[in-house]
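Next come the chains, spelled out residue by residue.
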Amino acid sequence: MKLRRALSASIATAALLPVAVAAAPASEAAPAAELPKCSDVGQPHNDTLVGRTSGIPETITLGTAWTTYTATLTNTSAKELKSFGLSARTGSYIYNPGERDLSPYSDLQYWDTSQRAWKTLRDADGKARGTIPGPKTLKPRESVHVQLRFRVSKALPLDQTYQGYTGLTGTFIDRYNNTDCMVHSYAEGEFYPPQG
């Protein structure tokens, strides 16, 4: 009985493997999370997936009011993108030691079209980020649109200047220099909270 359960679990897991990884020989196959970035194996800038946002203001007001925006990723290539995944994040760039990220002081939500409700994104570290359900492939010239909203708490310490960003990330598996690798493309916009 235990053997049958273990075999069933193995078969179910194998069915979920990304196409590019499952097609690789057993010695080369690796989970998508373990694949190198394509830029790390020598691929120049990959402009297969083009992103854009609309509705992110240059400056925001701290508090409970939401800023709603739309993020779009478009497959501009002639090939179907396999093992496609979506995630979103809100944070700020860190330029100097001691600077803090505004992500833990932020809330980020996406509009779940199937349930017609806003869903909160927050990772185990308390940062405003997470994965979003979406298509597993993206056909040539096809786009994916996600409605998002964010806000930054009044509790954000204003003893530094923040260059914030928020948006959507699309990932897919590509092959370059005979190596399976991950491509990350962004549809993000920048914003600035008030300075102290």
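For every chain, the first residue of the written sequence is number 1, and numbering continues from 1 onward in sequence order. Only residues with pLDDT of 70 or above have their local features reported here, since the model is predicted, and side-chain atom pairs are shown and tallied only from 80 upward, although totals for entire chains, interfaces and linings are computed over all residues. Calculation of side-chain values draws on the structure's entire complement of heavy atoms; hydrogens and water are dropped beforehand.

**Describing the overall build of the protein chain**
- Of the regular secondary structure elements, the protein chain holds 2 helices and 9 strands.
- For the protein chain, the α and β elements follow one another from N to C terminus as α-α-β-β-β-β-β-β-β-β-β.
- Here the term buried applies to any residue with accessible area under 20% of the maximum for its type, exposed to any over 50%, and partly exposed to those in between, with areas from a 1.4 Å probe on protein chains only. Each of the 196 residues in the protein chain was classed as buried or not, and the buried ones make up 37%.
- Note on contacts: a residue pair qualifies if any of its non-hydrogen atoms lie within 4.5 Å across the two residues. Here the analysis covers contacts within the protein chain between residues at least 6 apart in sequence; of these, 73% occur between residues at least 24 apart.
- Working definition of accessibility: Shrake-Rupley area with a 1.4 Å probe, residue cover restricted to the visible protein chains. In the structure as shown, the protein chain presents an accessible area of about 11,300 Å², 52% of it carried by carbon and sulfur atoms. Helix numbers and strand numbers start at the N terminus; a helix is a DSSP run of H or I with at least 4 residues, a strand a run of E with at least 2.

**Remarks on the sheet that holds strand E5 (residues 117–121)**
- Read from one edge to the other, the open sheet built from 5 strands follows the order E1-E2-E7-E4-E5, with strand pairing classed as antiparallel. In this open sheet, the two edge strands, each paired with only one partner strand, are strand E1 (49–54) and E5. Direction aside, neighbouring strands of the sheet carry axes that sit 30° apart on average.
- Of the pairings in the sheet, the one linking strand E4 (residues 106–112) to E5 comprises 5 bridges and is antiparallel in character. Considered in E5, the bridge of Tyr110 is made with Lys119. When DSSP finds two or more bridges between a pair of strands, those strands are recorded as paired. Structural elements are reduced to axes, namely lines fitted to C-alpha atoms, with helices fitted over the stretch in contact, and the angle between N-to-C directions of any two is expressed from 0 to 180 degrees.

**Points about the side chain of Asn46**
- In this fold, Asn46 is placed in the loop between helix H2 (19–22) and E1.
- The term polar contact refers here to a pair of N or O atoms within 3.5 Å; inside protein, the definition further demands a hydrogen-donor-capable atom paired with an acceptor-capable atom, and it admits residues adjacent in sequence only when both atoms are side-chain atoms. Only 3.4 Å separates the side chain of Asn46 from the side chain of Gln43, close enough to count as a polar contact.
- With residues up to four places along the chain from it excluded, the contact list for Asn46 reads Phe172, Asp174, Val183 and Ser185.

**Notes on the pattern of salt bridges**
- Salt bridges are defined by distance alone: a side-chain nitrogen of Lys or Arg within 4 Å of a carboxyl oxygen of Asp or Glu. Tallied over the full model, the rule gives 9 salt bridges.
- Taking the shortest distance from any N to any O, the salt bridge between Arg151 and Asp107 comes out at 2.9 Å. Within this pair, whereas Arg151 is found in strand E7 (residues 143–152), its partner Asp107 is found in strand E4, the two being separated by 44 residues in sequence.
- Beyond isolated ion pairs, a larger network of salt bridges with shared partners links Asp107, Arg122 and Arg151.

**Considering the confidence of the model for the protein chain**
- The pLDDT value expresses, per residue, how confident the predictor is, ranging between 0 and 100. Per-residue confidence for the protein chain averages 84 on the pLDDT scale, and 83% of its residues sit at or above 70.
- Taken together, the stretch residues 1–31 has pLDDT below 50 and engages in 17 contacts with residues farther than four places along the chain or on a different chain.

**Digging into the pairing of strand E3 (residues 85–92)**
- In terms of strand pairing, E3 meets strand E8 (residues 164–176) through 8 bridges, oriented antiparallel. Looking at E8, one finds that Arg89 is bridged to Gly167.
- Note that E3 and strand E6 (residues 129–132) share 4 bridges and pair antiparallel. Across the sheet, residue Ala88 finds its bridge partner in E6, namely Gly130.

**A short note on the sheet that holds E3**
- Strand order in the open sheet made by the 4 strands is E6-E3-E8-E9, with antiparallel pairing throughout. Only two strands of the sheet have a single neighbouring strand rather than two, namely E6 and strand E9 (179–191). In this sheet, adjacent strand axes meet at a mean angle of 25° when their direction is disregarded.

**Some details on the nonpolar core**
- Nonpolar core, defined: a set of buried Ala, Val, Leu, Ile, Met, Phe, Trp, Tyr and Cys residues in which side-chain atoms within 4.5 Å join the residues together. Among the nonpolar cores identified, the biggest contains 32 residues, and Leu86, Leu108, Ile132, Leu148, Val152 and Leu168 are the most heavily contacted of them.
- At the level of elements, strand E2 (67–75), E3, E4, E7, E8 and E9 are the ones that each hand at least two residues to this core.
- Examining the composition of this core, we find that 5 residues originate from one element, E7, more than from any other.
- Residues within four places of Leu86 in sequence aside, it is in contact with Leu73, Thr131, Ile132, Pro133, Gly134, Pro135, Val144, Val146, Leu168, Thr169 and Gly170.

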